[in-house]
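A look at the structure
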Amino acid sequence: MPRCTIVGVGALGSHLVHLLRNEPLELVVVDDDRVGAKNVLSQFHPKSTVGKNKTVALAQTMQFLYGAKLRGIPHRVEGDNCFALLAEGMVDLVIDTLDNAPSRRLVQTVVRAHKIPCLHGALAADGAYGRSCWDEQFVIDEGAAGAPTCEDGRHLPFVALVAAYLARSVQEFVATGRKVGFEVSPFGAVAT
């Protein structure tokens with residue numbers, strides 16, 4: 001079974017895991033953050049998991065709801081561990097749903113050096129657009145001013161929509177090897 005490592009299980013990543021539960025993948029999730037009360041407004045983390053590491057909480061939730069198993073790695077992607085977390089151990093696909101440029105650069109460096117397929121998920125802070133973009137076409141945005149999309153839950157439907165397009169990109173890749181991405185706005189999506 002192909003191994004898929006998802007880096008970042010906040011707004012996009014947590015919903016993506018939920019949507020990939022039926023795919024023939026071994027899911028590994030990497031995130032050092034803890035579930036906060038504000039996270040349950042727009043992330044796929046229930047209130048009962050507040051205070052737990054996001055990877056541990058998500059693994060427990062997926063097991064409880066669906067009997068789905070995933071491996072959680074409660075670490076931050078950093079220069080000294082990025083290779084071990086992403087390239088070591090035969091990873092077949094990396095999905096980056098991080099929300100900061102320095103960590104994205106680390107992921108991009110490792111996947112490019114080791115020729116690992118990588119799908120990037122991105123959201124504008126104001127909920128104006130989202131992307132499901134393969135690494136060959138992905139340019140890291142240094143970030144824009146504004147509130148994160150996960151703070152107040154206002155953009156939850158859009159977060160879920162972008163996560164669904166990310167899941168669709170993964171589905172197509174697993175089934176056919178084709179790399180299809182999407183540019184998503186609140187009013188529709190275009191395949192790239």
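Because the structure is predicted, anything quoted here is derived from the model rather than measured. (Residues numbered from 1 in each chain as written. Predicted model: local features only at pLDDT ≥ 70, side-chain atom pairs only at ≥ 80, totals over all residues. Heavy atoms only, no water.)

What about helix H5 (residues 156–176)?
Here is the rule we go by: Labels follow the DSSP assignment, with helices taken as runs of H or I lasting at least four residues and strands as runs of E lasting at least two, numbered in each case from the N terminus. Expected helix span is given by 1.5 Å per residue-to-residue step, counting one fewer step than there are residues. Throughout this description, buried means an accessible area under 20% of the type-specific maximum (1.4 Å probe, protein chains only), exposed means over 50%, and partly exposed covers the range between. In this description, contact between two residues means that some pair of their heavy atoms is separated by no more than 4.5 Å.
A rise of 1.5 Å per residue sets the reference length of H5, with its 21 residues, at 30 Å; its end C-alpha atoms lie 30 Å apart and thus fit the reference within 8%. Here H5 has its buried residues at Phe158, Val159, Val162, Ala163, Leu166, Ala167, Ser169, Val170, Glu172 and Phe173. Check the buried side of H5 and you find it contacts helix H1 (11–19), strand E4 (93–96), strand E5 (118–123), strand E6 (130–134) and strand E7 (182–185). Of the residues flanking the end of H5, it is Gly177, one or two places downstream, whose phi is positive at about 85°.

Considering the pairing of E7
Applied cut-off: Pairing between strands is defined by DSSP: at least two bridges between the two strands are required.
What you see with E7 is a clean split: Phe182 and Val184 sit on the buried side and Glu183 and Ser185 on the side with no burial. Pairing of E6 with E7 involves three bridges; the strand directions are antiparallel. Bridging from a neighbouring strand, Ser132 pairs with Phe182 of E7. One ladder, built from four bridges, connects E7 with strand E8 (residues 188–191); its direction is antiparallel. Within E8, the position partnered with Glu183 by the bridge is Val190.

Let's talk about the packing of aromatic side chains
Heads up, the condition is: We call Phe, Tyr and Trp rings a pair once their centres come within 6.5 Å, taking the six-membered ring for Trp, and we label the pair stacked below 30 degrees between planes, edge-to-face above 60, and tilted otherwise.
Evaluation of the coordinates by the stated rule reveals two aromatic pairs. Ring centres of Trp134 and Phe173 lie 5.0 Å apart, and the angle between their planes is 45°; on these two criteria the pair is classed as tilted. Separated by 39 residues along the polypeptide, Trp134 in strand E6 and Phe173 in helix H5 bring together distant segments of the chain. Residue class for Trp134 comes out buried when judged on its relative accessible area of 2%. Their ring planes at 50° and their centres at 4.7 Å tell us that Tyr165 and Phe182 sit as a pair that is tilted. Taken together, the residues span a long stretch of sequence, with Tyr165 in helix H5 and Phe182 in strand E7 at a distance of 17 residues.

Quick look at the nonpolar core
We apply this condition: Only buried residues count toward a nonpolar core. Its members are Ala, Val, Leu, Ile, Met, Phe, Trp, Tyr and Cys residues joined through side-chain atoms within 4.5 Å.
Ile6, Val17, Leu20, Leu27 and Ile95 are the most contacted members of the largest nonpolar core, which totals 30 residues. Sorting the residues of this core by element identifies strand E1 (3–7), H1, strand E2 (26–30), helix H2 (54–66), E4, H5 and E7 as the ones contributing at least two each. Broken down by element, the residue count for this core peaks at seven residues, all from H5. Not counting residues within four places of it along the chain, the set of residues in contact with Val17 comprises Ile6, Val9, Leu27, Val29, Leu58, Met62 and Leu70. By size, the runner-up hydrophobic cluster in this structure holds 17 residues, among which are Val28, Ile73, Ala87 and Ile116.

With respect to the packing of H1 against H2
Using the following cut-off: Working convention: axes come from line fits to C-alpha atoms, limited for helices to the stretch in contact. Angles between N-to-C directions cover 0 to 180 degrees. Each angle receives one of four descriptions, namely roughly parallel if under 35 degrees, roughly antiparallel if over 145, roughly perpendicular if within 65 to 115, and oblique otherwise. A clockwise turn of the near helix away from the far one marks a right-handed crossing, whereas an anticlockwise turn of less than a right angle marks a left-handed crossing. Note on residue categories: nonpolar means Ala, Val, Leu, Ile, Met, Phe, Trp, Tyr, Cys or Pro, charged means Asp, Glu, Lys or Arg, and polar means any other residue, Gly included.
One way to put it is that H1 packs onto H2 with a least axis distance of 11 Å and a crossing angle of 30°. The orientation of H1 with respect to H2, classified from their angle, is roughly parallel. The element H1 and its partner H2 pack so that their crossing is right-handed. Here Ser14, Val17 and His18 of H1 lie close against H2, whose contacting residues are Leu58, Met62 and Tyr66. A class-by-class count of the residues in the contact of H1 with H2 yields four nonpolar, two polar and no charged.

Regarding the side chain of Arg104
Where we set the bar: Distance and chemistry together define a polar contact, namely a pair of N or O atoms within 3.5 Å, with one atom able to donate a hydrogen and the other to accept it when in protein, and with adjacent residues in sequence counting only for side-chain atoms on both sides.
Along the chain, Arg104 falls in helix H4 (residues 101–113). Given a relative accessible area of 7%, Arg104 falls into the buried group. A distance of 2.8 Å separates a polar atom in the side chain of Arg104 from the backbone oxygen of Gly121. When near neighbours in sequence (up to four residues on either side) are disregarded, Arg104 contacts Asp96, Leu98, His120, Gly121, Ala122, Phe138 and Ile140.

Brief notes about the environment of Arg34
Along the chain, the position of Arg34 falls in the loop between E2 and H2. Those residues within four positions of Arg34 in sequence are excluded, and the remaining contacts are Asn39, Gly51, Lys52, Asn53 and Lys54. Among the polar contacts listed, one links the side chain of Arg34 to the backbone oxygen of Gly51, at a separation of 2.9 Å.

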